[in-house]
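Residue-level listing of the chains:
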Amino acid sequence: MARILCIDYGLKRTGIAVTDPLKIIAGGLTALDTQHVLPFLKNYFHQEQVELILIGEPKNLDDTDTHATSLVNAFQKKLQKEFPSIPVEKVDERYTSKMAVQAMLQMGMKKKDRRNKKNVDEIAATIMLQEYLSQHT
């Protein structure tokens, strides 16, 4: 069965989460330097079936674009060109980084691990994906 993959795209770092094959649970997959995302995805898609890519859409509270919205739009176009057989949808990413930090506190992560921005990005992608699953299943 195919999975759903979610991307928390950033200029420097990108977090990636994925569902289990039954699309019940979202789990963090990785966080990496943004320049390595496309090669990572090419390799991952050769190993796993993915039926949908979600990408976090940065918006302000009043639904206007942020400074990062154009970067995400450009990356979405790259994804659609590189992987034309996999649909790409945007999901609201507001508050997910704050929620990720709260989750790390609740999990009892050490301060050193909480400072690692890659952990925040991976958990933020996981939160977006879990919210998507709860709304669409």
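Predicted, not measured: the structure shown is a model, and the values here were computed from it. For every chain, the first residue of the written sequence is number 1, and numbering continues from 1 along that sequence. In keeping with the model being predicted, local features are shown solely for residues with a pLDDT of at least 70 and side-chain atom pairs are shown and tallied solely at 80 or more, while totals for entire chains, interfaces and linings include all residues. Just so you know, side-chain values use all the structure's heavy atoms and leave hydrogens and water out.

A. Representation of the overall build of the protein. Strands are runs of DSSP state E lasting at least 2 residues, helices are runs of H or I lasting at least 4, and numbering of each runs from the N terminus. Secondary structure summary: the protein contains five helices and five strands in total. Secondary structure elements of the protein occur, N-terminal to C-terminal, as β-β-β-α-β-α-β-α-α-α. Pairs of residues are marked as contacts when any of their non-hydrogen atoms sit within 4.5 Å. Long-range pairs, those at least 24 residues apart, make up 63% of the contacts in the protein between residues at least 6 apart in sequence. Surface accessibility in these figures is a Shrake-Rupley result with a 1.4 Å probe; residues are shielded only by whichever protein chains are displayed. When the accessible surface of the protein is summed, it comes to about 8,000 Å², and 51% of that surface belongs to carbon and sulfur atoms.

B. Spotlight on the pairing of strand β1 (residues 3-8). Here the term buried applies to any residue with accessible area under 20% of the maximum for its type, exposed to any over 50%, and partly exposed to those in between, with areas from a 1.4 Å probe on protein chains only. Among the six residues in β1, six count as buried, and that is most of the element. Across the two faces of β1 the burial is the same, with R3, L5 and I7 and I4, C6 and D8 all buried. Paired strands are those between which DSSP finds at least two bridges. Relative to strand β4 (residues 50-57), β1 runs parallel, the two being bridged by five bridges. Following the sheet pairing, R3 is matched in β4 by V50. Direction of pairing for β1 relative to strand β2 (residues 13-19): antiparallel, over a ladder of four bridges. Counterpart to L5 in the pairing with β2 is V18. A loop of four residues connects β1 with β2, the two strands running antiparallel in sequence.

C. Seen up close, the pairing of β4. Among the eight residues that make up β4, six are buried, leaving the element largely enclosed by the rest of the structure. When β4 meets strand β5 (residues 88-92), the two strands line up parallel, connected through five bridges. Within the sheet, the bridge partner assigned to G56 lies in β5 and is V91. The parallel pair β4 and β5, bridged by helix α2 (residues 69-82), forms a crossover whose chirality is right-handed. Looking down the strands as they point away from the viewer, one classifies a crossover as right-handed if the path from the first strand across the helix to the second runs clockwise.

D. The arrangement of the layout of surface pockets in detail. The method works on a 1 Å grid over the protein atoms by themselves. A cavity is a set of points holding a 1.4 Å probe that cannot get out, a pocket is an open set with protein on both sides within 12 Å along at least five of seven lines, and residues with an atom within 4 Å of a point line them. Grid points are joined across faces, edges and corners, and a volume is the space filled by probe spheres set on the points. Put simply, the largest pocket is a space of about 680 Å³. Along the walls of the largest pocket sit 24 residues, with D8, Y9, A68, E93 and S97 positioned nearest its centre. Elements with a minimum of two residues in the lining of the largest pocket: α2, α3 (96-107) and α5 (117-136). Nonpolar residues are Ala, Val, Leu, Ile, Met, Phe, Trp, Tyr, Cys and Pro. Charged residues are Asp, Glu, Lys and Arg, and all others, Gly as well, are polar. For the lining of the largest pocket, the per-class residue count stands at nine nonpolar, six polar and nine charged.

E. Examining the sheet that holds β4 more closely. Pairing in this open sheet of five strands is mixed, and the strands run β3-β2-β1-β4-β5 from one edge to the other. Pairing within the sheet leaves two strands with one partner each, and these edge strands are β3 (26-33) and β5. Each adjacent strand pair in this sheet contributes to an overall mean axis angle of 25°, direction not counted. Convention adopted: a line fitted to C-alpha atoms gives each axis, helices being fitted over their contacting stretch, and angles between N-to-C directions are expressed from 0 to 180 degrees. This element, helix α1 (residues 37-47), spans β1, β2, β3 and β4 of the sheet and lies at about 140° to β3.

Everything listed here is a matter of geometry and, on its own, says nothing about what the molecule does.
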